[in-house]
Amino acid sequence: MFDSKSLQVYFICGTQDIIGDQNIKDVLKAALESGITLFQFREKGPNALVGDEKEALAKELKTLCHEYKVPFLINDDVDLAEKIDADGIHVGQDDEIIASFANRFKNKIIGLSVGNVKEYQQSDLEHVDYIGVGPMYKTSSKSDASAPVGPEMIATLKNINPSLPMVAIGGITEDNCEPIAKEGADGVSVISVITHSQNIDKTVNKLKHYFK
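Predicted, not measured: the structure shown is a model, and the values here were computed from it.

Calculation notes
- Note on numbering: residues in each chain are counted from 1, in written sequence order.
- Local features in this predicted model are restricted to residues whose pLDDT is 70 or higher, and side-chain atom pairs enter the listing and the counts only when it is 80 or higher, whereas totals over whole chains, interfaces and linings include all residues.
- Derived side-chain values reflect all non-hydrogen atoms in the structure, with water molecules and hydrogen atoms excluded from consideration.
- Comment: elements are numbered from the N terminus, with helices defined as DSSP H or I runs of at least four residues and strands as E runs of at least two.
- Each radius of gyration reported is based on C-alpha atoms, and the globular scaling rule is 2.2 Å times the count of residues to the power 0.38.
- With a 1.4 Å probe rolled over the protein chains alone, any residue whose accessible area is under 20% of its type maximum counts as buried; one over 50% counts as exposed, and the rest are partly exposed.
- For this analysis, residues touch if any pair of their heavy atoms sits within 4.5 Å.
- Multiplying 1.5 Å by the helix residue count minus one yields the expected span of that helix.
- Pairing between two strands requires that DSSP report at least two bridges joining them.
- Throughout, right-handed denotes a crossover for which the path from the first strand over the helix to the second runs clockwise when the strands point away from the viewer.

Observations regarding the overall build of the protein
Along the protein, the regular secondary structure elements total eight helices and eight strands. Against the compact-globule benchmark of 17 Å for 212 residues, the protein has a radius of gyration of 16 Å, which places it among compact chains. Overall, the C-alpha framework of the protein stretches about 40 × 40 × 30 Å when taken along its three principal axes. Burial statistics for the protein: of 212 residues in total, 52% are counted as buried. When contacts within the protein are restricted to residue pairs at least 6 apart in sequence, those whose partners lie at least 24 apart make up 59%.

Considerations on helix 2 (residues 51–67)
Its 17 residues give helix 2 an end-to-end C-alpha distance of 25 Å, which sits within 8% of 24 Å, the value for a rise of 1.5 Å per residue. Along helix 2, the positions that sit buried rather than exposed are Lys-54, Glu-55, Leu-57, Ala-58, Leu-61, Lys-62, Leu-64 and Cys-65. Along its buried surface, helix 2 packs onto helix 1 (24–34), strand 2 (38–41), strand 3 (72–75) and helix 3 (78–83). Phi turns positive one or two residues past the end of helix 2, at Lys-69, with a value near 55 degrees.

Remarks on the pairing of strand 4 (residues 88–91)
Going residue by residue along strand 4, you find Gly-88 and His-90 tucked away on one face and Ile-89 and Val-91 tucked away on the opposite face as well. The sheet contact formed by strand 3 and strand 4 spans three bridges and is parallel. Bridging from a neighbouring strand, Ile-74 pairs with Ile-89 of strand 4. As a crossover connection, the stretch from strand 3 through helix 3 into strand 4 is right-handed. Note that strand 4 and strand 5 (residues 109–114) share four bridges and pair parallel. The partner of Ile-89 across the bridge, within strand 5, is Ile-110.

Now the structure itself:
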């Protein structure tokens, strides 16, 4: 089911990332029409939706993704991902341990955030389909982001495990993708480069250009 090409342009978004009078459904639809390859619903922060509201929006976004045959993942919320039959889940180092829910996510996509070699070595990768590596650069999208590890971390981890799909994350723009691609990443995970874009189609296609 999972193909590393799905990581080429991996859009992550929640209502907290939408600026101005935009709507998350409209932004996602524009991104899907432009060719994003994977979507992760990441609803975090003090004003984030919870409960029934979060579930209702997740269902709408999942339906939208499936119209474009793009996998729909949920960040961290294992119960919600299972309840709405999402295509997968992405967890961080401090989130729920993958072994505790892997049996509930057979034939689903499981992603894990890995920031450095130490985290990689401490991670149980038995059920992991891909890892998100970063932050590549300084980022403002996550208030709790670690110090940047740079594109060279992709190459370091690829040397350790060449067959494991890896997507770069953190501080990525249209203009700093090339070093990431050259170091061997399968794609880039982005938030603000799409939500803040004045031309989502142009942005997505410029990102995708590096990972064909």
